[in-house]
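Each chain is listed here by its residues.
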Amino acid sequence: MKARGLSILVLLAIGPSLSGQVMTAKRIFELASLPDDRSVVPEPLQIFIQAAEYTTSMIIATPDGQKRQHSFRVQEKLVRGKYIVTRGRPPGARSELIMVTWYDEDTTTYRKAVCMNIPNPTEVYHSIGIRLRDTHTISWTGLGNLAGSWLSIERQTPEKVFFQEVYLTNGRVTSTVLGESVPTKRPAKRKK
């Protein structure tokens, strides 16, 4: 009963919030094709590390005790002064993942939309993030047809990003993820 209640709470928390600005796969691909422009970084996005490339390492654990460790590179850019676009291909993924992160002024929440760079049909997974006061910590909730629902905590420091995720299907934990992203390349300095 507790697990079912948790799933209902997740859906109630993020369902109405997602109805505002939903990012489509077409829009994600369009943003991913635009150039990096960090001439202006909006205040809400300044909590994120400014990097052009990361190495992401994660440990994925399942309830039966199995653990897998993965590392992969991701590239990142800021487009249109509003969207952080992250691209990378985790080991075992069918194709490259593209993630767009932005701040929604209307709801004062952070948003993420993720899809795979493959031909149609392309499913987009949406998450909503709430910043913990004036810290660099964001709690995320999301749902998708294939991945079920998820909860995560992401903490930014000047050196790296730490994240912990829990994935649920039908109210049961299917996996947990513990990871970090370390910048390997900073963006080029803009000439004034």
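Counting restarts for each chain, with residues numbered from 1 along the sequence as it is written. Whole-chain, interface and lining totals are the exception, using all residues; otherwise, since this is a predicted model, local features are given only for residues with pLDDT of at least 70 and side-chain atom pairs are given and counted only at 80 or more. Note: side-chain values were computed over all heavy atoms of the structure, leaving out hydrogens and water.

Q: Give me the overall build of the protein chain: which residues, what numbers.
A: The helix and strand inventory of the protein chain stands at two helices and 10 strands. Sequence-ordered secondary structure for the protein chain, helices as α and strands as β, is α-α-β-β-β-β-β-β-β-β-β-β. The cut-offs for exposure are 20% and 50% of the maximum accessible area for each residue type, with area from a 1.4 Å probe on protein chains only; residues under the lower value are buried, those over the upper are exposed, and the others partly exposed. Expressed as a percentage of its 192 residues, the buried residues of the protein chain come to 43%. Long-range contacts, defined as pairs at least 24 residues apart, comprise 43% of the intrachain contacts of the protein chain with a sequence gap of at least 6. In these tables, accessible area is a Shrake-Rupley quantity obtained with a 1.4 Å probe, and a residue counts as shielded only by the protein chains included in the view. Only carbon and sulfur atoms are counted for the fraction: they give 56% of the accessible area of the protein chain, which is about 11,400 Å². Secondary structure elements follow DSSP: runs of H or I of four or more residues count as helices, runs of E of two or more count as strands, with numbering from the N terminus. When checking whether two residues touch, look at their non-hydrogen atoms; a contact exists if any pair is within 4.5 Å.

Q: Can you tell me about empty space enclosed by the protein, naming the residues and giving the values?
A: Both cavities and pockets are sets of points on a 1 Å grid over the protein atoms alone; in a cavity a 1.4 Å probe fits but cannot get out, in a pocket the set is open with protein on both sides within 12 Å along at least five of seven lines, and lining residues sit with an atom within 4 Å of a point. Grid points are joined across faces, edges and corners, and a volume is the space filled by probe spheres set on the points. One pass over the structure, following the stated rule, counts two cavities of 30 Å³ or more. There is about 40 Å³ of room inside the largest cavity. With three residues, the single largest contributor to the lining of the largest cavity is strand 2 (residues 67-79). Residues were grouped as follows: Ala, Val, Leu, Ile, Met, Phe, Trp, Tyr, Cys and Pro as nonpolar; Asp, Glu, Lys and Arg as charged; and all remaining residues, including Gly, as polar. Its residues placed into classes, the lining of the largest cavity shows five nonpolar, one polar and three charged.

Q: Report on the confidence of the model for the protein chain, specifying residues and quantitative values.
A: What pLDDT reports is the predictor's confidence in each residue, on a scale of 0 through 100. Looking at the protein chain as a whole, the pLDDT averages 85, with 84% of positions reaching at least 70. Across the protein chain, the element-wise mean pLDDT spans from 39 in helix 1 (residues 2-18) up to 96 in strand 3 (residues 83-88). Note on residues 1-19: pLDDT is under 50 here. Beyond four places in sequence and across chains, it has 19 contacts.

Q: Please give an account of the packing of aromatic side chains that cites residues and values.
A: Here a pair means two rings of Phe, Tyr or Trp (six-membered ring of Trp) with centres within 6.5 Å. Their orientation is stacked below 30 degrees between planes, edge-to-face above 60, and tilted elsewhere. Taken as a whole, this structure holds five aromatic pairs when the rule is applied. On the basis of an interplanar angle of 40 degrees and a centroid distance of 6.0 Å, the ring pair of W150 and Y167 is categorised as tilted. Of this pair, W150 sits in strand 8 (residues 148-156) while Y167 sits in strand 9 (residues 161-169), and the two are 17 residues apart along the sequence. Using a relative accessible area of 21% as the deciding quantity, one classes Y167 as partly exposed.

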